[in-house]
Amino acid sequence: MKPKNAVMLLLTSLIWGTAFVAQSVGMDFLEPFTFNGVRSFIGGVTLLPCIWLLEKMNGKPEVDGTRKDLIQGGIACGLLLFAASSLQQMGIQYTTAGKAGFIVCVPVLGIFLKKAAGWKVWMSVFLALIGLYFLCIKEGFSIGKGDIMIFACALVFAVHILVIDYYSPKVDGVKMSCIQFFVCGIASLPFMFLTETPQIGNILDARMPILYAGVMSCGVAYTLQILGQKHANPAIASLLLSMESCFSVLSGWIILGETLSAREGIGCVLMFVAIILAQI
């Protein structure tokens, strides 16, 4: 993997890790489908001027795929993003945010899609799983409703990563990212109006967390994910993205003054070792 791709994916995981604070705060004002729907539309709108500016500066990018590939990729990613982010947002209500970092199941799913992963990648996955356990499972190995939702979310995000791996070399990544946000937002609308009671006042009250989640977590981070995954091994990409949990704990320690236990410190070290091994 090229260094610039690794940097993009690590920056993605950093933004996602800090976004859990915004997601948790946002849930004090908004219900899950409303929060995800609004932030997805914000993410899509954020990218529209970016697409115009990039084309103005560099012209239309040369891609191998067709307009059909772009639309298919955007719709597929948008529907998967809707399913995963909805499960994540609902699961956060019942479990710890750190558990949402379990997305290192891509190499296992990759077997069925004939994606090769060498022994170093498998060793990295093993170390990352141990690190994530130390980092995220603090109250003993127990499974609740929120944990099941987060695990389902992890599986959907793993498929999302593999779909991006398929389409990103063929199409304009920024345009595909923009399409996926509008698809995710539209998919949220029926659930938002049928199962929840969205109110403008509540959305305005949650404006700061929802803007951060919409502009940074959606508009910036998911676009960096698509660009960073271009021509990258999806197994290694998933390991880099799993640093999300590590960054969420570290940001809480550095910014909010939360306690970093020895167990969490060991988890962070194992995660960093796994990433370095995967990159060698």
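Provided above is the structure to which this section pertains.
Residues numbered from 1 in each chain as written. Predicted model: local features only at pLDDT ≥ 70, side-chain atom pairs only at ≥ 80, totals over all residues. Heavy atoms only, no water.

## Structural notes on the overall build of the protein
Line of reasoning, step 1. From N to C terminus, the protein includes 12 helices and 0 strands.
Line of reasoning, step 2. In sequence order, the secondary structure elements of the protein are arranged as α-α-α-α-α-α-α-α-α-α-α-α.
Line of reasoning, step 3. Taking the contacts inside the protein whose residues are at least 6 apart along the sequence as the reference set, 93% of them involve residues at least 24 apart.
Line of reasoning, step 4. Carbon and sulfur atoms provide 72% of the accessible area of the protein, an area that totals close to 13,100 Å². (Helix = DSSP H or I, 4+ residues; strand = E, 2+ residues; numbered from the N terminus. Contact = heavy atoms within 4.5 Å. Areas by Shrake-Rupley, 256 points an atom, 1.4 Å probe, with all protein chains shown as cover.)

## Some remarks on the packing of helix H2 (residues 32-58) against helix H3 (residues 67-91)
Helix-helix packing: each pair is described by the crossing angle between the helix axes and the interaxial distance.
Line of reasoning, step 1. Contact geometry of H2 with H3 gives a least axis separation of 9 Å together with a crossing angle of 135°. One way to sum up the angle between H2 and H3 is to call them oblique. For the crossing formed where H2 meets H3, the hand is right-handed. For the pair H2 and H3, the contacting residues are Pro32, Phe33, Phe35, Asn36 and Arg39 in the first and Phe82, Ser85, Ser86, Gln89 and Met90 in the second.
Line of reasoning, step 2. Its residues assigned to classes, the contact of H2 with H3 comprises 5 nonpolar, 4 polar and 1 charged. (Axes fitted to C-alpha atoms, helices over the stretch in contact; angles between N-to-C directions. Parallel < 35°, antiparallel > 145°, perpendicular 65-115°, else oblique. Left-handed = near helix turned anticlockwise from the far one by under 90°. Nonpolar A, V, L, I, M, F, W, Y, C, P; charged D, E, K, R; others polar.)

## Comments concerning the packing of aromatic side chains
Line of reasoning, step 1. If you walk through the whole model with that rule in mind, you get 8 aromatic pairs.
Line of reasoning, step 2. Aromatic side chains Phe41 and Phe182 sit 6.2 Å apart centroid to centroid with 55° between the ring planes, which places their arrangement in the tilted category. Of the two residues, Phe41 sits in helix H2 while Phe182 sits in helix H7 (residues 173-195), which places them 141 residues apart along the sequence.
Line of reasoning, step 3. Under the relative-accessibility criterion, Phe41 is labelled partly exposed at 26%. (Phe/Tyr/Trp six-rings, centres within 6.5 Å; stacked < 30°, edge-to-face > 60°. Buried < 20%, exposed > 50% of the residue type's maximum accessible area, 1.4 Å probe, protein only.)

## Concerning the nonpolar core
Line of reasoning, step 1. Membership of the largest hydrophobic core comes to 53 residues, with the highest contact counts inside it found for Leu81, Phe157, Met176, Phe181, Tyr222, Leu240 and Met243.
Line of reasoning, step 2. Ranked by size, the runner-up nonpolar core spans 6 residues in total, among them Val38, Ala206, Ile210 and Ala213. (Core = buried A, V, L, I, M, F, W, Y, C linked by side-chain atoms within 4.5 Å.)

## Remarks on the side chain of Asn5
Line of reasoning, step 1. Secondary-structure assignment places Asn5 in helix H1 (residues 3-26).
Line of reasoning, step 2. Of the polar contacts made by the side chain of Asn5, one reaches the backbone oxygen of Gly228; its length is 2.8 Å.
Line of reasoning, step 3. Here Asn5 is in contact with Leu227, Gly228 and Lys230, once residues within four sequence places are set aside. (Polar contact = N/O pair within 3.5 Å; in protein donor to acceptor, adjacent residues only side chain to side chain.)

## Overview of H1
Line of reasoning, step 1. Along its 24 residues, H1 runs 34 Å from first to last C-alpha, staying within 8% of the 34 Å computed at 1.5 Å per residue.
Line of reasoning, step 2. Remark: the principal bend of H1, roughly 30°, maps to Ala19. (Expected span 1.5 Å × (residues − 1). Bend = angle between axes of the 7 residues up to and from the residue.)

## Describing a nonpolar patch on the surface
Line of reasoning, step 1. A cluster of nonpolar residues, Val21, Val25 and Phe29, forms a patch on the protein surface that exposes about 220 Å² of accessible area.
Line of reasoning, step 2. For Val21, a relative accessible area of 44% corresponds to the partly exposed category. (Patch = residues over 30% accessible without salt bridge, like charges linked within 9 Å, V, L, I, M, F, W, Y side chains within 5 Å. Salt bridge = Lys/Arg side-chain N within 4 Å of Asp/Glu carboxyl O.)

## As for the state of the cysteines
Line of reasoning, step 1. In total, this model carries 0 disulfides according to the counting rule given.
Line of reasoning, step 2. The thiol sulfur of Cys178 is not disulfide-bonded, and the nearest other cysteine sulfur, from Cys50, lies at 9.1 Å.
Line of reasoning, step 3. In this structure Cys178 comes out as buried when scored by relative accessible area, which is 5%. (Disulfide = S-S within 2.5 Å.)

## Considering the pattern of salt bridges
Between side chains of opposite charge, pairing is possible as soon as their charged atoms come close.
Line of reasoning, step 1. Counted by the stated rule, this structure contains 1 salt bridge.
Line of reasoning, step 2. The residue Lys175 makes a salt bridge to Glu55 at a minimum N-O spacing of 2.7 Å. Highlighted residues: Lys175 in helix H7 and Glu55 in helix H2, separated in sequence by 120 residues.

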